Amino acid sequence: MKRTPHLLAIQSHVVFGHAGNGAAVFPMQRVGVNVWPLNTVQFSNHTQYGQWTGEVLAPAQIPALVEGIAAIGELGNCDAVLSGYLGSAEQGRAILSGVARIKAANPKAIYLCDPVMGHPEKGCIVPAEVSSFLLEEASAVADVLCPNQLELDSFCDRRPESLEDCVVMARSLLARGPKAVLVKHLVYPGRGADDFEMLLVTAQDSWHLRRPLLAFPRQPVGVGDLTSGLFLARLLLGDSWVAAFEFAAAAVHEVLLETQACASYELELVRAQDRIVHPRVRFEAQLLGY
Ligand SMILES: Nc1ncnc2c1ncn2[C@@H]1O[C@H](COP(=O)(O)OP(=O)(O)O)[C@@H](O)[C@H]1O
Ligand SMILES: Cc1ncc(COP(=O)(O)O)c(C=O)c1O
Ligand SMILES: [Mg+2]
């Protein structure tokens, strides 16, 4: 029987609703991965409500928890680390030391970094030191980076001029060390008004994917976290880069369709659970010639 992969997921948790691990853990489990959730913050709700209560995890807890897993002899079973929303740069450095510890125990383990930098206009609040940490330190260690357009622009310190330019920008991140860059949401001059576009770039190839843009009165939160989590889960289950990309796009679209149908602000993950595992829609990624 094929072994079930194990994944250490280090990101935020919300008590109410869905963001960070609260958006990604259940879907990753549903598609067939053992998830080890390590919550960088525990907030009452995501920050786009404009108010929340809760705490940031003390950074020293991250290596302490990783050591605890090492002490029971399980660290070598960790196949991947996922990091997302961070409460402080110090937490980020603690994650990198955890990644090093895990790679020493299992050299095949991969590290996917979702560089959540915040979006002040949308009300996603992330400390400025976290952005600097992601730009300067995490990107050099990550095997896979999953920025949105704003985060890609921050990495490159400019905005794209075209789709081809988005590929150039994503490729420039590969030079820092990652093997693949998934841009979860593309924004560039001249893009299709009715589409939601994504990009996957590896050293060899680049793929572009379109799915329908859905109308929401308030943009749902946690979509990026869900995308990164499902992409990594499917990679661990043996998918190729492009298959995992297409799966994540389809499964996330199913969740958004259910969320829209329920007129809900929070992602309808429980109602959409079967559609996450077996998406009814399929979006084919197009291989770009550049
Ligand atoms: N098909 C879609 N139609 C409309 N909005 C979408 C669709 N897919 C994702 N979104 C929204 O687009 C935004 C994507 O956010 P973005 O900033 O690119 O990534 P992240 O979720 O990581 O912040 C989110 O607000 C999400 O709710
Ligand atoms: C606590 C928390 N985690 C994660 C996120 C990231 O969510 P998204 O997937 O939309 O980038 C947010 C965004 O506001 C947040 O408040
Ligand atoms: Mg995000």
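Residues numbered from 1 in each chain as written. Chains lettered and ligands numbered in written order. Predicted model: local features only at pLDDT ≥ 70, side-chain atom pairs only at ≥ 80, totals over all residues. Heavy atoms only, no water.

- By the naming in an unreviewed UniProt entry, the protein goes by Pyridoxal kinase PdxY and is assigned to Pseudomonas arcuscaelestis.
- As stated in UniProt under Pathway (unreviewed entry), the record for the protein gives "Cofactor metabolism; pyridoxal 5'-phosphate salvage; pyridoxal 5'-phosphate from pyridoxal: step 1/1."
- Looking at the protein in UniProt, the text filed under Subunit (unreviewed entry) is "Homodimer." (UniProt positions renumbered as here; feature names shortened; annotations may be inferred.)

Observations regarding the sheet that holds strand E2 (residues 34-43)
Phase 1 of the analysis: Ordered in space as E3-E2-E1-E4-E5-E6-E7-E8-E9-E10, the 10 strands form an open sheet in which the pairing is mixed. Only two strands of the sheet have a single neighbouring strand rather than two, namely strand E3 (54-56) and strand E10 (286-287).
Phase 2 of the analysis: Here four bridges tie strand E4 (residues 80-83) to strand E5 (residues 110-113), and the two strands are oriented parallel to one another. Within E5, the residue paired with Val-81 across the bridge is Tyr-111.
Phase 3 of the analysis: Contacts from helix H1 (residues 21-31) reach strand E1 (6-14), E2 and E4 within the one sheet, and its direction differs from that of E1 by about 145 degrees. (Pairing = 2+ DSSP bridges. Helix = DSSP H or I, 4+ residues; strand = E, 2+ residues; numbered from the N terminus. Contact = heavy atoms within 4.5 Å. Axes fitted to C-alpha atoms, helices over the stretch in contact; angles between N-to-C directions.)

Some words on the pattern of salt bridges
Phase 1 of the analysis: Inspection of the entire model under this criterion finds 17 salt bridges.
Phase 2 of the analysis: A salt bridge links Arg-101 to Glu-67; the shortest N-O distance between them is 2.5 Å. Of this pair, Arg-101 sits in helix H3 (residues 89-105) while Glu-67 sits in helix H2 (residues 61-71); the two residues are 34 residues apart in sequence, bridging distant segments of the chain.
Phase 3 of the analysis: Residue Arg-101 is classed as partly exposed on the basis of its relative accessible area of 33%. (Salt bridge = Lys/Arg side-chain N within 4 Å of Asp/Glu carboxyl O. Buried < 20%, exposed > 50% of the residue type's maximum accessible area, 1.4 Å probe, protein only.)

Things to note about the site of ligand 2
Phase 1 of the analysis: In the vicinity of ligand 2 lie 13 residues, with Ser-12, Thr-47, Gln-48, Gly-222 and Asp-225 positioned nearest.
Phase 2 of the analysis: Contact distances for ligand 2 include 3.0 Å between an oxygen atom and a side-chain N or O atom of Gln-48.
Phase 3 of the analysis: Asp-225 places a polar side-chain atom, nitrogen or oxygen, 2.9 Å from an oxygen atom of ligand 2.
Phase 4 of the analysis: Burial of ligand 2 by the protein chains amounts to 93% of its free accessible area of 390 Å².
Phase 5 of the analysis: Tallying contributions element by element places helix H7 (residues 223-236) first for the shell around ligand 2, with three residues.
Phase 6 of the analysis: Each residue belonging to the shell around ligand 2 can be placed in one class, and the counts come to five nonpolar, seven polar and one charged. (Near = heavy atom within 4 Å. Polar contact = N/O pair within 3.5 Å; in protein donor to acceptor, adjacent residues only side chain to side chain. Areas by Shrake-Rupley, 256 points an atom, 1.4 Å probe, with all protein chains shown as cover. Nonpolar A, V, L, I, M, F, W, Y, C, P; charged D, E, K, R; others polar.)

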